[in-house]
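Survey of secondary and tertiary structure
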Amino acid sequence: MRHLLPCPAGETAIHAPETAASKGAGKGRVLVVDDDPDVREALCSLLRVEGHAVACFASAGALLDSTLPDTACCIVADMKMPGIDGLELLERLKQRGEPVPVIFLTGYADVPLSVRAMKAGAVDFLSKPCNEDDLLDAVDQALERNHARRADARQRQAVEQRFDTLTPRERQVMACVVRGLMNKQIAWELEISEITVKLHRSSLMRKMQLRSVPDLVRASQVLDPAMV
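Quick caveat, the model's predicted, so the values are computed rather than measured. All residue numbers here refer to positions counted from 1 along the written sequence of the relevant chain. At least 70 in pLDDT is required for a residue's local features to be given in this predicted model, at least 80 for side-chain atom pairs to be given and counted, and no such filter applies to totals for whole chains, interfaces and linings, which use all residues. The side-chain values count all of the structure's non-hydrogen atoms but skip hydrogen atoms and water molecules.

**With respect to the overall build of the protein chain**
The test is simple: Here a helix means four or more residues in a row that DSSP labels H or I, a strand means two or more in a row labelled E, and each is numbered from the N terminus. The buried label applies to any residue whose accessible area, calculated with a 1.4 Å probe on protein chains only, is under 20% of its type's maximum; exposed applies above 50%, and partly exposed to all values in between. Here a residue-residue contact requires only that any non-hydrogen atoms of the pair lie within 4.5 Å.
Within the protein chain one finds nine helices and five strands. Traced from its N-terminal end to its C-terminal end, the protein chain shows the element sequence β-α-β-α-β-α-β-α-β-α-α-α-α-α. Across the 228 residues in the protein chain, those meeting the buried criterion constitute 42%. Contacts in the protein chain between residues at least 24 apart in sequence constitute 67% of all its contacts with a sequence separation of at least 6.

Here it is, written out as structure tokens:
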């Protein structure tokens, strides 16, 4: 069982050569926050060797003052730090609308603290010195979660942009279709002809870039309910 330990006093961790893999190609970025320089260096070296792009911070405040990368990322943070601790870091990121997955490390693990961390949205809570494989698995899980969240956000944005191109009448027709109404029922409810309903349906489906009613229903579920 491998454990992640700080470098011995007076020694410096050796970084792997900067190959395409060590630059984190395709993996996302890991932001390491720890006030202990030896632990921070050991963490960063391990993650770089495993092919992750890494940015290191000596405090939570330093990370909050930086611009988060516009790509999939996660944070590996010490729970107990001077000033802003791990839980406060997580809360501040959420308040800023930047829900980056966080993995907490601590040398003072206890059940209540781990429960608080998980309830706050942490991906994992590991004790120092942690098993390297456990840490790497947690990082992979966190990056996968962030990839999925970003993909969902892109999809939502695309659907909202297409929805914005619909006319008020097309939005009314869309709402009726999503409710499962037939053309005749929509025509009666909106007090327009059935031919007009068909024209609006054809137009809204083209603008939304959809082919079927099930696709339209799924798209409507991505939108804010107040919009449909």
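**Here's the deal with the confidence of the model for the protein chain**
Which entries qualify depends on this criterion: The predictor attaches a confidence to each residue, called pLDDT, with possible values from 0 through 100.
When pLDDT is averaged along the protein chain, the result is 85, and 87% of the positions lie at 70 or above. Counting contacts from residues 5-26, a segment whose pLDDT is below 50, to residues more than four positions away or on other chains yields 31 contacts.

**A word on the state of the cysteines**
As a reminder, the rule being used: The criterion for a disulfide is a pair of cysteine sulfur atoms lying within 2.5 Å.
Per the stated rule, a full pass over the model turns up one disulfide. A sulfur-sulfur distance of 2.0 Å marks the disulfide that ties C44 to C56. Of this pair, C44 sits in helix α1 (residues 37-49) while C56 sits in strand β2 (residues 53-57); the two residues are 12 residues apart in sequence, bridging distant segments of the chain.

**Brief notes about the packing of helix α6 (residues 168-178) against helix α7 (residues 183-190)**
This is how the line gets drawn: Angular values range over 0 to 180 degrees, each being the angle between N-to-C directions of two axes fitted as lines to C-alpha atoms, with helices fitted over their stretch in contact. To sort the angles, those under 35 degrees are grouped as roughly parallel, those over 145 as roughly antiparallel, those from 65 to 115 as roughly perpendicular, and the leftovers as oblique. Crossing handedness is defined as follows: a turn of the near helix away from the far one that is anticlockwise and smaller than a right angle gives a left-handed crossing, while the clockwise case is right-handed.
Contact geometry for α6 and α7: axes closest at 10 Å, N-to-C directions at 130 degrees. When the axes of α6 and α7 are compared, the pair comes out oblique. Judged by the twist between their axes, the crossing of α6 over α7 is right-handed. Here R169, Q172, V173, C176 and V177 of α6 lie close against α7, whose contacting residues are I186, E189 and L190.

**So, the sheet that holds strand β4 (residues 102-106)**
Defined as follows: The pairing criterion for strands is at least two bridges between them, as found by DSSP.
Spatial strand order, β2-β1-β3-β4-β5: five strands in an open sheet with parallel pairing. Each edge of the open sheet carries a strand with a single partner, namely β2 and β5 (124-127). Averaged over all neighbouring strand pairs, the angle between strand axes comes to 20 degrees, with direction disregarded. Where helix α4 (residues 111-119) meets the sheet, it contacts β4 and β5, and its direction lies at approximately 150 degrees from that of β5.

**A closer look at the pattern of salt bridges**
For clarity, the threshold we go by: In what follows, salt bridge is the name for a side-chain nitrogen of Lys or Arg lying within 4 Å of a carboxyl oxygen of Asp or Glu.
The final tally for this structure, using the stated rule, is nine salt bridges. For K128, the salt bridge goes to D34, with nearest N and O atoms at 2.8 Å. Separated by 94 residues along the polypeptide, K128 in the loop between β5 and α5 (132-163) and D34 in the loop between β1 (29-33) and α1 bring together distant segments of the chain. Among the salt bridges present, the one from D70 reaches R150, with a minimum N-O distance of 3.1 Å. Pair noted here: D70 is in the loop between α2 (60-65) and β3 (73-78) and R150 is in helix α5, with a separation of 80 residues, a long-range link.

**Considering the pairing of β3**
Counted residue by residue, β3 has six buried out of six residues, so it is predominantly covered. Of the pairings in the sheet, the one linking β1 to β3 comprises five bridges and is parallel in character. Bridged to V33 within β3 is A77. Relative to β4, β3 runs parallel, the two being bridged by four bridges. The residue of β4 that forms the bridge with A77 is F104.

**Some details on α4**
Quick note on the threshold: Taken from the helix axis, the directions to the C-beta atoms give the arc we talk about.
Considered for burial, the residues of α4 that qualify are L113, S114 and A117. Burial along α4 is one-sided: seen end-on, the buried residues are contained in an arc of 95 degrees. Exposed positions of α4 whose direction lies more than 90 degrees from the buried face are V111, P112, R116 and K119. Along its buried surface, α4 packs onto α3 (86-95), β4 and β5.

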